[in-house]
Amino acid sequence: MTSVVKFVWNIEDTEVITEVPVAGSTGSVAERTRLAKADAGEQAWRAWGPYVSERAWGTVREDYSEHGTAWDYFPHDHARSRAYRWNEDGMAGICDDRQTFCFALALWNGKDPILKERMFGLGGDGGNHGEDAKEYWWYQDSTPTHSWMRWRYHYPQAEFPYDQLVRVNAERGRDETEYELVDTGVFDDDRYWAVTVDYAKASPTDLCMVITVANRGDEEARLHVLPTLWFRNTWAWRLPGRDQIPTLTGDGDRLVGQHGDLGQLVLQGDGAPTTLLCDNDSNAERLWGLPGRTPYPKDGINDHVVAGADTVNPDGVGTKGALQYVLDVPAHGQAEIRLRLSLTAPPPAVGPAPRLDLAADFDTTVAARRAEADDFFADLIPRGASRDEAAVARQAIAGLMWGKQFYHFDVAQWLRGDPGSAPPAGRRFGRNSAWSHMNSFDVISMPDPWEYPWYAAWDLAFHCVTIARVDPGFAKQQLLLLLREWYLHPNGQIPAYEWAFGDVNPPVHAWAALKVFEIDGGRDVDFLARVMHKLLLNFTWWVNRKDAGGNNVFEGGFLGLDNVGPFDRSAALPVAGVLEQSDGTGWMAMYALNLLDMALTLAVRDPTYADIATKFFEHFTYIAAAAYEQGLWDDEDSFFYDVLRLPDGSKVPLRVRSVVGLLPLAATTTLSSATLARLPELAARLRWFLTNKPEYADVIGARRLAGDGRQQRLLSMVGPDQLVRVLARMLDEDEFLSPYGLRTLSRRHHDEPFTVSLGGQDFTVGYEPAESTSGLFGGNSNWRGPIWMPTNFLLISAVRDFAGFFGDDLLVEYPTRSGAKHTLTEVADDLSRRLIALFVPDAWGRRPIYGACELFQTHPDWKDLVAFPEYFHGDNGAGLGAWHQTGWTALVVDLILTLHRD
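Residues numbered from 1 in each chain as written. Predicted model: local features only at pLDDT ≥ 70, side-chain atom pairs only at ≥ 80, totals over all residues. Heavy atoms only, no water.

## Thoughts on the sheet that holds strand β28 (residues 711–716)
Within a sheet, neighbouring strands are paired by backbone hydrogen bonds and run either parallel or antiparallel to one another. Counted only if it meets this: Pairing between two strands requires that DSSP report at least two bridges joining them. Only runs of H or I of at least four residues qualify as helices and only runs of E of at least two qualify as strands under DSSP, and these elements are numbered from the N terminus. Angular values range over 0 to 180 degrees, each being the angle between N-to-C directions of two axes fitted as lines to C-alpha atoms, with helices fitted over their stretch in contact. The contact criterion used throughout is that any non-hydrogen atoms of two residues lie within 4.5 Å.
If you walk across this open sheet you meet the 3 strands as β26-β28-β27, and the pairing is antiparallel. Two strands lie at the open edges of the sheet, namely β26 (668–672) and β27 (703–705), each paired on one side alone. Strand-to-strand twist in this sheet, taken as the mean axis angle between neighbours without regard to direction, amounts to 30°. Summarising the sheet, β26 and β28 pair through 5 bridges and their orientation is antiparallel. If you follow Leu-671 over to β28, its bridge partner there is Arg-713. Sitting on the sheet, helix α14 (residues 582–603) is in contact with β26 and β28, with an inclination near 30° to β26.

Set out below in structure tokens:
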């Protein structure tokens, strides 16, 4: 018998975000102690976390189709009925770091055709601007050990408009905006549930949970809440030694699990819930018209709750179970459910399961973990930050922490198929067939858990810079992970992302490692050495594979910048020739300097690294000089361009003023006289170069005295003269400078699009400040005008590096033609403020990221829930692309901390 609980109290105002103290506190010692114990291997505080993706359907791992049509092969409609092969998904989900078990939230408003067990959205072929989630949820809080977490979701009380979202988006073209859930009217008159889940760890494997559901409507409403526990299916694939099936058993107000590797697991709830059990196995009859392994398949709970079907096991046993609560909540009222999930015994755990405390100890744990989280963030965020900035920083970190996902992908097994389920023969030569060495079984920081529920190499590097601010141990582990032999290709290539591991992401791993090393205090030279040893292989891969002419200018392909050029830079060129790229060359010049800096640091302890330092010093000079010799620099335009080199030796400059031409600014570092005195071999080599190869003086010749009286020498792909000229472009409000940061394409191309004719075709690039209007390279992101956080962050960092060399002696006009002169530090600070301004309320109380959406801008229940979109409108700052915490957007944290540095 399903229990119905009626709640009779009302609320007027409910808390929207965790309180953000701005003053420092010593209470963060508790969280830092947990981190230290986790790093030392004493207590596994990171063992349980929010490692369950919001979407596993439509991913490459689950795609066994002949032609790689992932979205079609495993659509959303299959997800409730089909057992996943490689990982799981769910709402507000948590699991252990091997994803042996999963816990997540399911909801039903009594009107939807299915339970709300996972987030809905459109695949890459369904949205008019590519894949797009059509739900509203937020990661509000998380400490780095996940000792305290908060998640928030807004669920319509009317029937969820699945079909309408699919239909209307299909009718819209690329020149139209996306049709979003808020556009359907289901949130009108506040007819929705505000669902909050709080997590607090009593120990690494003992988790207290509070689910709060608030009825925002004017009438009493009923909500089914189904906290769900299940075991990941490892038994259906017929692998040797993995056929043992765990069990979940219903026992009054709790579920008791037995797993051969994990032990005994108990989920206990307060009140009088109904236990519902089925099996985490595919419903073969529904999906394929075939008999299944069990009469109670994965969608058994769904069918029972929604349609009253006899699809839950009457014996109360299975591998997937839920505690069903049926809550009748008055208008403007709220209800609360307490749960506790605990690992109560190691294997074989044959004894009876103990009862879990949901009273005094529960309250003490929740209160303590929340207070410790407040103290932790109060110590992290500078006093000079405003309350709004502090709240943004805390929620951005929460998004990064919730973006850590369990990632399992044995590529060789995937290519050959499981016993009894051989994939099409074409797979042996198709996607990722050259990556059979890869075998992932790790928790990895993802760009976001819905649109990008898989790692991307250059995204991850940026994530780690911000993660290092709160958990440097995890940041270092992540950077090292992608360099391990089961990730790094034997030829030295770092895998890009699962859609195509062989694609080429920008080489930012070394840059990120140096940033993390610095943030961590600059002491862990063993980490730096481990990173450098593997990056030597990767650097060599770049030199051998992406310098077709052997002339020290590089290609690289799309390099993460999607449609930035007039044609797809990863596809075959429209004419015979080689595309020599200013960004590829700039990235490699930066890479050489990063490895030089690593070698200089390591040479303090081990003089043998001095040889490596001289190697990368020389390689940098060759790359930097080649950019000018090979025509990437246009002296008349004062800008770097890509150049198409034709077989007859002629060159076609692609005069698109884009971020491609700004990235060479990032290739800069400074050598001090103290460093040269410590490494006489490097000093001698530098003197030899200046004497015998004076043509390189422009990239290694600039010198000045620092404030301490020591001489400094600038190594830069952009010399002092070129620097001022490029900055004049970058800081021009008619070109790159917007009120909210730097655009990826000059606004001049709005009225003056660039067009080039090649092979009888015209290729055009025009300024597009919002979503892409073409399908070039997927069409779901746009680098032709919007503001992107990673490139902004790199360019701001470069300006700060130049400021470190020139000090206050170099003043530039900012903005260009304003007549106002500023130091480079002042420029970097103001660029940071512009980016931070995307997220904080302006003078009218509006956050630019929310554009013209009044619900998000003015409604008290929505306006302080901050999203961290993938990129931003180039003119008004509205959030675009992946909406639910693209990880690199959390770089705003570093901007806030640096801007308010003491």
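## As for the layout of surface pockets
Empty space among the atoms can be located by rolling a probe the size of a water molecule over them. The cut-off we apply is this: Space inside and on the surface of the protein is sampled on a 1 Å grid over the protein atoms alone, with a cavity defined as a set of points where a 1.4 Å probe fits but cannot get out and a pocket as an open set with protein on both sides within 12 Å along at least 5 of 7 lines; lining residues have an atom within 4 Å of a point. Grid points are joined across faces, edges and corners, and a volume is the space filled by probe spheres set on the points. By the convention adopted, Pro, Cys, Tyr, Trp, Phe, Met, Ile, Leu, Val and Ala count as nonpolar, Lys, Arg, Asp and Glu as charged, and the other residues, Gly among them, as polar.
Here the largest pocket defines a volume of roughly 1,300 Å³. For the lining of the largest pocket, the elements supplying multiple residues, two or more each, are α1 (29–39), α11 (472–481), α12 (509–519), α14, β26, α16 (673–678), α20 (789–806) and α23 (892–899). The element that contributes the greatest number of residues to the lining of the largest pocket is α20, accounting for 9 residues. Taken together, the residues that form the lining of the largest pocket break down as 21 nonpolar, 14 polar and 12 charged.

## Some details on the nonpolar core
The criterion, for reference: The term nonpolar core refers to a set of buried residues drawn from Ala, Val, Leu, Ile, Met, Phe, Trp, Tyr and Cys, joined through side-chain atoms within 4.5 Å. Relative accessibility decides the category of a residue: with a 1.4 Å probe and only protein chains considered, values under 20% of the type maximum give buried, values over 50% give exposed, and everything between is partly exposed.
Within the largest apolar cluster, 204 residues are counted, with the highest numbers of intra-cluster contacts made by Met-598, Leu-665 and Phe-839. Element by element, the count of residues in this core is highest for α14, at 14 residues. If near-sequence neighbours (up to four positions away) are discounted, Leu-665 is found in contact with Val-718, Leu-723, Val-726, Leu-727, Met-730, Leu-795, Ala-798 and Phe-802. With 65 residues, the next largest nonpolar core counts Leu-115, Met-149, Leu-229 and Val-329 among its residues.

## Observations regarding helix α15 (residues 609–629)
We apply this condition: By this rule, a helix spans an expected 1.5 Å times one less than how many residues it contains.
The end-to-end C-alpha separation of α15 is 30 Å, in line with the 30 Å expected for 21 residues at 1.5 Å each. Burial within α15 is extensive, with 15 of its 21 residues counted as buried. Where α15 terminates, the next one or two residues include Gly-631, which has phi positive at roughly 90°.

## What to know about unusual backbone geometry
A negative phi angle is the norm for most residues apart from glycine, just as the trans form is the norm for most peptide bonds. In this structure, the amide linkage connecting Pro-347 to the following residue, Pro-348, adopts the cis form with an omega of 10°. Along the chain, Pro-348 falls in the loop between β18 (334–345) and α7 (360–380). Along the chain, Tyr-814 connects to Pro-815 via a cis peptide bond; the corresponding omega equals -10°. Positive phi is not limited to glycine here, since Asn-432 has a value of about 60°. Relative to the helices and strands, Asn-432 is located in the loop between α9 (411–416) and β20 (439–445). Located in the positive-phi region is Arg-817, a residue other than glycine, with phi close to 70°. Here Arg-817 shows up in the loop between β33 (811–813) and β34 (821–823).

## Some thoughts on the pattern of salt bridges
Counted only if it meets this: What makes a salt bridge here is a side-chain nitrogen of Lys or Arg within 4 Å of a carboxyl oxygen of Asp or Glu, nothing more.
As enumerated under the stated definition, the model contains 58 salt bridges in all. Among the ionic pairs, Glu-372 bridges to Arg-369, the shortest N-O distance being 2.8 Å. Of this pair, Glu-372 and Arg-369 both sit in helix α7, 3 residues apart, which is roughly one turn of the helix. The salt bridge partner of Glu-485 is Lys-534, with a shortest N-O separation of 3.6 Å. With Glu-485 in the loop between α11 and α12 and Lys-534 in helix α13 (residues 525–545), the pair connects residues that are 49 residues apart, well separated along the chain. What you see here is one network of salt bridges that share partners, running through Arg-657, Arg-729, Asp-732, Asp-734, Glu-735, Arg-748 and Arg-817.

## Observations regarding α20
Compared with an ideal rise of 1.5 Å per residue, which puts 18 residues at 26 Å, α20 spans 25 Å between its outermost C-alpha atoms and is within 8% of the ideal. For α20, the buried fraction is high: 15 of the 18 residues fall into the buried class. Among the residues trailing α20, Gly-807 stands out with phi positive, at a value near 60°.

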